[in-house]
Amino acid sequence: MAVMVIPDVGTVRRRIGQAVFGMVAGPEGPDNRARIHDTPGPRWFSDDRPIRRVHADASMFVGGLRALLLQSLHPLAMAGVAEHSDYRGDPWGRLARTSTFLAETTFGTATDAQRAVDRVRGIHRRVRGTSPDGRAYHATDPHLLEWVHIAEIDSFLRAHQLYGAEPLDRRGCDDYVADTARVAMALGVPDPPRTGRELGERIETYRPELKSTAAAREAARFLLLTPPLPLLARAPYAVLATTSVAMLPSWARAPLWLPYLPPVEATVVRGSGRLLVGGIRWALAPGRSDTAASRSDTAPRRSDSPARR
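Residues numbered from 1 in each chain as written. Predicted model: local features only at pLDDT ≥ 70, side-chain atom pairs only at ≥ 80, totals over all residues. Heavy atoms only, no water.

It is worth spelling out the overall build of the protein at this point. When you go through the protein residue by residue, the secondary structure sums to 14 helices and two strands. With 309 residues in all, the protein has 49% of them scored as buried. A separation threshold of at least 6 residues defines the contact pool for the protein, and within that pool the share at least 24 residues apart is 74%. (Helix = DSSP H or I, 4+ residues; strand = E, 2+ residues; numbered from the N terminus. Buried < 20%, exposed > 50% of the residue type's maximum accessible area, 1.4 Å probe, protein only. Contact = heavy atoms within 4.5 Å.)

All right, on to the packing of aromatic side chains then. Following the criterion strictly, the structure yields one aromatic pair and no others. Summarising the aromatic geometry, the rings of tryptophan 147 and tyrosine 206 are spaced 5.4 Å apart at their centres and angled 35° between planes, so their arrangement reads as tilted. In this pair, tryptophan 147 sits in helix α8 (residues 142-163) while tyrosine 206 sits in helix α10 (residues 196-206), placing the two residues 59 residues apart along the sequence. In this structure, tryptophan 147 and tyrosine 206 share a single accessibility class: buried. The ring of tryptophan 44 has arginine 182 lying over it, and the distance from NZ or CZ to the ring centre is 3.8 Å. A cation over an aromatic ring shows up here: arginine 217 above the ring of tryptophan 257, its NZ or CZ 4.4 Å from the ring centre. (Phe/Tyr/Trp six-rings, centres within 6.5 Å; stacked < 30°, edge-to-face > 60°. Lys NZ or Arg CZ within 6 Å of the ring centre and 35° of its normal.)

With that settled, the discussion passes to the layout of surface pockets. Unoccupied space between atoms shows up once a probe the size of one water molecule is rolled over them. Roughly 360 Å³ of internal volume is contained in the second largest pocket. If you trace the second largest pocket, you find 23 residues lining it, with Arg66, Asp154, Arg158, Met247 and Pro249 closest to the centre. Contributions of two or more residues to the lining of the second largest pocket are made by α4 (60-71), α8, α10, α12 (231-246) and α14 (262-284). Of the residues forming the lining of the second largest pocket, the biggest block, six residues, is contributed by α8. Among the residues forming the lining of the second largest pocket, the class breakdown is 13 nonpolar, four polar and six charged. (1 Å grid on protein atoms, 1.4 Å probe; cavity = no way out; pocket = protein on both sides within 12 Å on 5 of 7 lines; lining within 4 Å. Points joined across faces, edges and corners; volume = space filled by probe spheres on them. Nonpolar A, V, L, I, M, F, W, Y, C, P; charged D, E, K, R; others polar.)

It is worth spelling out the packing of helix α2 (residues 29-38) against helix α6 (residues 91-107) at this point. The description of two helices packed together rests on the angle between their axes and the distance between the axes. Packing of α2 against α6 brings their axes to within 9 Å, and their N-to-C directions diverge by 15°. The angle between α2 and α6 places the two elements in the roughly parallel class. α6 is crossed by α2, and the crossing has right-handed handedness. Together, Asn32, Arg35, Ile36 and His37 of α2 and Thr100, Ala103, Glu104 and Phe107 of α6 make up the contact between the two elements. For the contact of α2 with α6, a count of residues per class yields three nonpolar, three polar and two charged. (Axes fitted to C-alpha atoms, helices over the stretch in contact; angles between N-to-C directions. Parallel < 35°, antiparallel > 145°, perpendicular 65-115°, else oblique. Left-handed = near helix turned anticlockwise from the far one by under 90°.)

The next thing to look at is the pattern of salt bridges. Applying the stated criterion across every chain yields a total of 17 salt bridges. For arginine 135, the salt bridge identified is with aspartate 133, shortest N-O distance 3.0 Å. Taking relative accessible area as the criterion, aspartate 133 reaches 40% and is therefore assigned partly exposed. A salt bridge links glutamate 146 to arginine 202, with the shortest nitrogen-to-oxygen separation between them at 2.4 Å. Of this pair, glutamate 146 sits in helix α8 while arginine 202 is found in helix α10, placing the two residues 56 residues apart along the sequence. (Salt bridge = Lys/Arg side-chain N within 4 Å of Asp/Glu carboxyl O.)

Attention now goes to the nonpolar core. Judged by nonpolar contacts, the single largest core of 60 residues is most densely connected at Leu69, Trp147 and Tyr176. Element by element, the count of residues in this core is highest for α8, at eight residues. Counting residues in each nonpolar core, the second largest holds six residues, with Leu76, Ala79, Ala139 and Leu144 among its members. (Core = buried A, V, L, I, M, F, W, Y, C linked by side-chain atoms within 4.5 Å.)

Once that is clear, we can look at the environment of aspartate 118. For aspartate 118, the location among the structural elements is in helix α7 (residues 110-126). With 69 residues separating them in the primary sequence, aspartate 118 and leucine 187 have C-alpha atoms 7.9 Å apart.

Now for α4. The end-to-end C-alpha distance of α4 is 16 Å, a good match for the 16 Å that 12 residues give at a rise of 1.5 Å each. Here α4 lies mainly inside the structure; 10 of its 12 residues are buried. The complete set of buried residues in α4 reads Met60, Phe61, Val62, Gly63, Leu65, Arg66, Ala67, Leu69, Leu70 and Gln71. (Expected span 1.5 Å × (residues − 1).)

No statement about biological role is implied by the geometric values presented.
This is the structure in structure tokens:
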């Protein structure tokens, strides 16, 4: 009689974690992880800074998708992505590169962080063209760089406050925005916001420029409905997508033709999102508690987000 062997919980956890890590970090993930976290040297951010807590949490999965949807609403920024990014043909490669950049600037040595910024600025110098409405764009434009930055940081922070293991207090939120300003300035944003209030005000100043475009709606459909995923990953991803959409304000959903159902989002979606993010955290942090683990004051923090892993 055949005997069914049931894997133990630790094995299941490790396999899920490896699968998620491989999808997000790419084939070079293990080598990048060792280089970023184990190379000695000074870093842009000390171990106790809020940017490390936020970028080391599994809530980044939800925040990252929300950021892409919000960023797509600027026609010039979206034109650059549509014409110069292979997000349809190689979405996981793009995700791995973004994840590595976040890890290098947040957790890596100062040398690695600056090298990562220089690499991105070199790419930006080549990204230029004309949008469908006839306006010229260039990825080095400080105005466009700031929009991409604030949409991203607002999304990461909101996701962390809703789904993070250790949400920040008000001062911590302000300090997080200030930390990220360091990276934004290195990328070419002259005066990024440095408090939560300034971040909200800055987003409001961009709202007259945001609108629905065919490229933005197409990107939303791809990101939410048709990303290339194995069968077993589709249900969890559907929860991730729904949770990300639920964090968008109503004014950002209408241009993307996305639904707005506050009662359901505040109950069912919020609960499902917490279960999903908690599950990701569990899978990516084997042997640790659900809160992010830290090492010594001189060692880079290790935890469970795509930036960390």
